[in-house]
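Notes for the structure review
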Amino acid sequence: MLRSVRWTVLLVVTLVATACTNTLARDAGRLAQLPPLPFRLAVVGGAFLPPDERVDNQDSGVDEALAARLSARTFGLEVSEPIPFDKVVEMLVRGRAATRVVRLPDPTDEERQRIALGDTAALEVARRASADAEADLMLVIEGLRDGPVQALGVTGQWPITTVAWLLAGIGLFVPDHRFESKAKLRASLVDVATGRAVSARLTVVPGTLDLSLVDRSDFVGILTSILVPPSLVGNDVEKVVRAVRDDGADRIVLGLLAKLKDPELLDALRSDVSLNVEARLGESYVDVTVRGEQEIQDVFVRTYDSVGLPRTEDLNALRRFRQSLLESGERGDHEVRYRARFELRGGDDEVRIIVQDLAGQRASTSLRTRS
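Fair warning: this is a prediction, and the values are worked out from it, not measured in the lab.

1. Some details on the overall build of the protein
Of the regular secondary structure elements, the protein holds eleven helices and 16 strands. In the protein, which comprises 371 residues, the share counted as buried stands at 45%. At a minimum sequence separation of 6, the contacts of the protein that also span at least 24 residues come to 75%. Split by element, the accessible area of the protein, about 18900 Å² in all, is 52% carbon and sulfur.

2. Topic: the side chain of Arg-112
Looking at the secondary structure, you find Arg-112 in helix α4 (residues 109-116). In terms of polar contacts, Arg-112 uses its side chain to reach the backbone carbonyl oxygen of Gly-45, at 2.9 Å. Here Arg-112 is in contact with Gly-45, Gly-46, Phe-48, Glu-81, Phe-85 and Pro-107, once residues within four sequence places are set aside.

3. Observations concerning the packing of helix α3 (residues 85-94) against helix α9 (residues 237-261)
Across the interface, α3 lies against α9 with an axial gap of 10 Å and an inter-helix angle of 45°. Between α3 and α9, the interaxial angle falls into the category oblique. Between α3 and α9 the crossing geometry is right-handed. Residues Lys-87, Val-88, Met-91 and Leu-92 of α3 lie in contact with α9, whose contacting residues are Ala-249, Asp-250, Val-253, Leu-254, Leu-256, Leu-257 and Leu-260. Here the residues of the contact of α3 with α9 are counted per class, giving nine nonpolar, no polar and two charged.

4. Thoughts on empty space enclosed by the protein
Counting across every chain of the model gives one cavity of 30 Å³ or more. A volume near 30 Å³ is recorded for the largest cavity. In terms of lining residues, the largest cavity is bounded by Phe-179, Glu-180, Ser-181, Pro-206, Gly-207, Thr-208, Leu-209, Val-244, Asp-247, Gly-248 and Arg-251. Those elements that provide at least two residues to the lining of the largest cavity are β6 (177-181), β9 (208-211) and α9. Class assignment of the residues belonging to the lining of the largest cavity gives a composition of four nonpolar, four polar and three charged.

5. Examining the side chain of Arg-216
Locating Arg-216 in the fold gives a position in helix α7 (residues 213-216). The class of Arg-216 is buried, set by a relative accessible area of 0%. Among the polar contacts made by the side chain of Arg-216, one reaches the side chain of His-177 at a distance of 3.4 Å. Within the local environment of Arg-216, its side chain forms a polar contact with the side chain of Asn-235, the two groups lying 2.9 Å apart.

6. Re the packing of α4 against helix α5 (residues 120-132)
Between α4 and α5, the shortest axis-to-axis distance is 7 Å and the interhelical angle comes to 115°. Between α4 and α5, the angle is such that the two are roughly perpendicular. The chirality of how α4 crosses α5 is left-handed. Contact with α4, carried on its side by Glu-111, Arg-114 and Ile-115, involves Ala-122, Leu-123 and Ala-126 of α5 and no other residues of that element.

7. Comments concerning the environment of Asp-191
In this structure, Asp-191 sits in strand β7 (residues 184-191). Looking at Asp-191, the relative accessible area reads 14%, which means it is buried. Taking C-alpha positions, Asp-191 is 9.9 Å from Leu-41, a pair spaced 150 residues apart along the chain. In terms of polar contacts, Asp-191 uses its side chain to reach the backbone amide nitrogen of Ala-193, at 2.9 Å.

8. Here we look at the packing of aromatic side chains
Counting across every chain of the model gives one aromatic pair. Summarising the aromatic geometry, the rings of Phe-321 and Phe-342 are spaced 5.5 Å apart at their centres and angled 80° between planes, so their arrangement reads as edge-to-face. Taken as a pair, Phe-321 in helix α11 (residues 315-327) and Phe-342 in strand β14 (residues 336-343) lie far apart in primary sequence, 21 residues in all. On the accessibility criterion, Phe-342 (4% relative accessible area) is buried. A cation sits over an aromatic face here: Arg-40 above Tyr-304, 4.1 Å from the ring centre.

9. Notes on the layout of surface pockets
Roughly 690 Å³ of internal volume is contained in the largest pocket. Lining the largest pocket are 36 residues, with Ala-193, Ile-354, Arg-362, Ala-363 and Ser-364 sitting closest to its centre. Elements with a minimum of two residues in the lining of the largest pocket: α5, α10 (263-271), β10 (275-281), β12 (296-304), α11, β15 (350-357) and β16 (362-368). Each residue belonging to the lining of the largest pocket can be placed in one class, and the counts come to 18 nonpolar, five polar and 13 charged. Quantified by volume, the second largest pocket comes out at close to 590 Å³. As for the second largest pocket, its lining consists of 30 residues, and the residues nearest its centre are Pro-35, Pro-36, Leu-37, Arg-96 and Thr-99. Classifying every residue of the lining of the second largest pocket by side-chain character gives 16 nonpolar, four polar and ten charged.

The rules we used
- Residues numbered from 1 in each chain as written.
- Predicted model: local features only at pLDDT ≥ 70, side-chain atom pairs only at ≥ 80, totals over all residues.
- Heavy atoms only, no water.
- Helix = DSSP H or I, 4+ residues; strand = E, 2+ residues; numbered from the N terminus.
- Buried < 20%, exposed > 50% of the residue type's maximum accessible area, 1.4 Å probe, protein only.
- Contact = heavy atoms within 4.5 Å.
- Areas by Shrake-Rupley, 256 points an atom, 1.4 Å probe, with all protein chains shown as cover.
- Polar contact = N/O pair within 3.5 Å; in protein donor to acceptor, adjacent residues only side chain to side chain.
- Axes fitted to C-alpha atoms, helices over the stretch in contact; angles between N-to-C directions.
- Parallel < 35°, antiparallel > 145°, perpendicular 65-115°, else oblique.
- Left-handed = near helix turned anticlockwise from the far one by under 90°.
- Nonpolar A, V, L, I, M, F, W, Y, C, P; charged D, E, K, R; others polar.
- 1 Å grid on protein atoms, 1.4 Å probe; cavity = no way out; pocket = protein on both sides within 12 Å on 5 of 7 lines; lining within 4 Å.
- Points joined across faces, edges and corners; volume = space filled by probe spheres on them.
- Phe/Tyr/Trp six-rings, centres within 6.5 Å; stacked < 30°, edge-to-face > 60°.
- Lys NZ or Arg CZ within 6 Å of the ring centre and 35° of its normal.

Listed below in structure tokens is the structure:
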């Protein structure tokens, strides 16, 4: 009977540890299956800390005992950009954040930092570069604000920890203490054509992290667990902060991807403009719908190959599509609506539709023709 209980506890502990280890990977894979934003997205700026957070200033006016603070900051003073830019871009590409994540010609770290810290001139330079790269939107990463690491106490796993400690001596592997970083990343989406922000600022926080005794304590703490249940053993502050920092960086990048894949964001983007173009993929065609407050005067189409390079267009096909779309206009009470079908050719891996109304406003959308 005792042996059976021990094996049961071991199985529970293994499942808990495996679930915690693979959560981020599973979430990234799950998000990649959701529809991407129907735009070509250029990423600019970066997760830079403000200059005043790169100095050793521990006094924040917060009662440390009340906040259960372990550290005044999550990220150290040794780097100005705690989350590497390439890591952010790679996650957005792997997670299919948009139809295509456009890689701009390599900007310098200084140029990206100026954008993150709010330099409007640097942002305008990036907007022009994004327009040259035929992006629809810019994701502007507006820097990272550091925050303290806090201990939130014992989790609901403590009974498992105690039973595992009593019966099998392996309770030190069960995540039984919860911690949180108060760091946050800010970003916004900007219309490349106009330079106007097209959604509310995106704010991403790391969330909470549950750690087991082996992840949060030192050798002495592990030895202490021979006599004391692991959930009652104290924390090694340096080890906890390091774990929260590493996990927090991953969760921030994943959280940014999740924000971009949220259907409510796309709804907000479409409701925030007076000219909107949508495209729906068919078997060998794209159905295009345009809605606007004013009539449109022109439409442009760009097709791309599998690596994102522009293809030579069939001018006759473009002329037929343009004529069909312009002639389809129907005026309603509050908007003018247009519909037409664009026929795809073999090798058209990506299609970008750009429309312009009588006031000179532009809107665009992009979509992949295959997964």
